[in-house]
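Here is how the chains run, residue by residue.
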Amino acid sequence: MHLCMIVLLLGGLVAPAQASPFSPRGLSPLGKTVDVRSLMLLMMNDQEDGSGFVDFEMPAFPSCPFGCQCNRKVVQCSDLGLPSVPYDIPADTRLLDLQGNFITEIRENDFKGLNDLYALVLVNNLISKVHPRAFLPLVSTQKLYLSHNRLTTVPRNLPSSLVELRIHDNNIKKIESRTFAGLHKMNCIELGRNPIRNSGLEAGAFDGLNLNFLRISEAKLTAIPKDLPDSLRELHLDHNQIQTIGQEDLTHYGELYRLGLGHNRLRRIEYGGLYYVQSLRELHLHHNLLSSVPAGLPEMKHLQVVYLHSNNISKVEVDAFCPSSFSVKKTFYNSISLYDNPVRYWEVQPATFRCVSDRLAVQLGNYKK
């Protein structure tokens, strides 16, 4: 089964002006289009892994909605100005691309009979209403893309087979309790660019999920959300208004290996605030208001990437990153980014980076007053 995969920024660092937070692979940036060719490759890979579908032969006399292109059970109806979902979609369709149209509503019978559909792409439409029974026929759908629409809530009765949901850039303000109930196969949810506040995440909103990846970036969060799935490996909360990481904020997220908190308003990470995330490989705190390197980094045995650039750090202590004994650190750092801070790099002792893999793995300087 294909999982959301993220590129690790490992090895030698690029020049300071080029350095940037890690970018998803397999989960595209928050653009208004979905690469259907890549999605087709994922579908074929899932077939090979045994989690997709085996039969992939063309029917002898395929039908096809007017104006669309149909080939090998892939129906492409993108950018046709369609006001609604076509009614004559072939029953054996496995990938349905309806992005870039003027669809305003998903009706009850729009996907009737599409029992084999693997992926449904509805990105960049005008959808504000989804019938509560619209997705019930989609008993095999693994990927559902609803980004760049006008939804105010997550649709009800999502397919129980769903693995990946992208619903970023809508107008969702609330995730109600048990919104994702019964979606035991889901491992990736993209909720960025929705005006979600902490108060909009109701208790039990994510109950029953065994998520690996969750992104709620570019929202209106002022604190790290509570009651997220404890199975999370990647949590991306960049571009919010989070000011503090408290001692208990990350208690339940001990499986995390990537935590993205760049472009927030972090001024303080309480002592012990990182104690519960000992499995972290990557910690992104760039573009915040921190005045010092967070405490607890030397005890994080697996940490390899720390982005602290563009903060207010003026001093770096000799034990800020590395433990006193090499035997404690399981893996060396291969990326520590401190540039664009008011730190006098010539005052930083060389021993500060004694547990770094390579001298090129540290970035200093380039501070603009």
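Analysis parameters
Residues numbered from 1 in each chain as written. Predicted model: local features only at pLDDT ≥ 70, side-chain atom pairs only at ≥ 80, totals over all residues. Heavy atoms only, no water. Disulfide = S-S within 2.5 Å. Buried < 20%, exposed > 50% of the residue type's maximum accessible area, 1.4 Å probe, protein only. Helix = DSSP H or I, 4+ residues; strand = E, 2+ residues; numbered from the N terminus. Salt bridge = Lys/Arg side-chain N within 4 Å of Asp/Glu carboxyl O. Phe/Tyr/Trp six-rings, centres within 6.5 Å; stacked < 30°, edge-to-face > 60°. Lys NZ or Arg CZ within 6 Å of the ring centre and 35° of its normal. Core = buried A, V, L, I, M, F, W, Y, C linked by side-chain atoms within 4.5 Å. Contact = heavy atoms within 4.5 Å. pLDDT = per-residue confidence, 0-100.

Per the counting criterion, the structure on display carries 3 disulfides. The disulfide partner of Cys64 is Cys70, and the gap between their sulfur atoms is 2.0 Å. Between Cys64 and Cys70 the disulfide shows an S-S torsion of about 85°. By sign, it is right-handed. A relative accessible area of 31% means that Cys64 is categorised as partly exposed. Judged by relative accessible area, which is 28%, Cys70 ranks as partly exposed. Bridging Cys322 to Cys355, the disulfide has an S-S length of 2.0 Å. Its S-S torsion of approximately -85° makes the covalent link between Cys322 and Cys355 left-handed. Separated by 33 residues along the polypeptide, Cys322 in the loop between β18 (305–307) and β19 (335–337) and Cys355 in the loop between β19 and β20 (362–363) bring together distant segments of the chain. With a relative accessible area of 2%, Cys322 lands in the buried category. Cys355 sits in the buried class, given a relative accessible area of 1%.

All right, on to the pattern of salt bridges then. Using the criterion set out here, one finds 14 salt bridges in the structure. One salt bridge in this structure joins Glu270 and Arg268, with 3.5 Å as the shortest N-O distance. Given the relative accessible area of 25%, Glu270 is considered partly exposed. A salt bridge links Glu317 to Lys315; the nearest nitrogen and oxygen atoms lie 3.6 Å apart. Judged by relative accessible area, which is 47%, Glu317 ranks as partly exposed. Sharing partners across several salt bridges, the network here consists of Lys143, Glu164 and Arg166.

Turning our attention to the packing of aromatic side chains. Within this structure, the stated rule accounts for 6 aromatic pairs. Taking 6.0 Å as the distance between ring centres and 10° as the angle between the ring planes, the aromatic pair formed by Phe111 and Phe135 counts as stacked. Highlighted residues: Phe111 in the loop between β6 (105–106) and β7 (119–121) and Phe135 in the loop between β8 (129–130) and β9 (143–145), separated in sequence by 24 residues. Accessibility classification places Phe111 together with Phe135 in one group, the buried group. Taken together, a centroid distance of 5.7 Å and an interplanar angle of 25° make the contact between Phe180 and Phe206 stacked. Taken together, the residues span a long stretch of sequence, with Phe180 in the loop between β10 (164–166) and β11 (188–190) and Phe206 in the loop between β11 and β12 (213–215) at a distance of 26 residues. Exposure class is identical for Phe180 and Phe206. Each is buried. Aromatic rings pair up to connect Phe321, Tyr333 and Phe353 into one cluster. Above the plane of the ring of Tyr145 lies Arg166, whose end atom (NZ or CZ) is 4.3 Å from the centre. Positioned over the ring face of Tyr333 is Lys329, at 4.0 Å from the centre of the ring.

Within the largest apolar cluster, 86 residues are counted, with the highest numbers of intra-cluster contacts made by Phe111, Phe180, Leu214, Leu297 and Phe321. Sequence-distant contacts of Leu214, defined by excluding residues within four places in its chain, comprise Ile189, Leu191, Phe206, Leu228, Leu232, Glu234, Leu235 and His236.

With that settled, the discussion passes to unusual backbone geometry. Even without glycine at this site, Arg193 takes up a positive phi of about 60°. Residue Arg193 is classed as partly exposed on the basis of its relative accessible area of 29%. The phi dihedral of Ser310 falls on the positive side, at around 60°, and the residue is not glycine. Take Ser310: it is sitting in the loop between β18 and β19. For Ser310, a relative accessible area of 11% puts it in the buried group.

With that settled, consider the environment of Pro342. Residue position: Pro342 is located in the loop between β19 and β20. In this structure Pro342 comes out as partly exposed when scored by relative accessible area, which is 28%. For the pair Pro342 and Gly365, spaced 23 residues apart in sequence, the C-alpha separation works out to 8.2 Å.

Another aspect to go through is the confidence of the model for the chain. On average, residues of the chain score 88 in pLDDT, and 86% of them reach the 70 mark or higher. Per-residue pLDDT stays below 50 along residues 5–27; that stretch engages in 64 contacts with residues further than four places along the chain or on separate chains. Taken as a whole, residues 53–61 scores under 50 in pLDDT and shows 17 contacts with residues more than four places along the chain or in a different chain.

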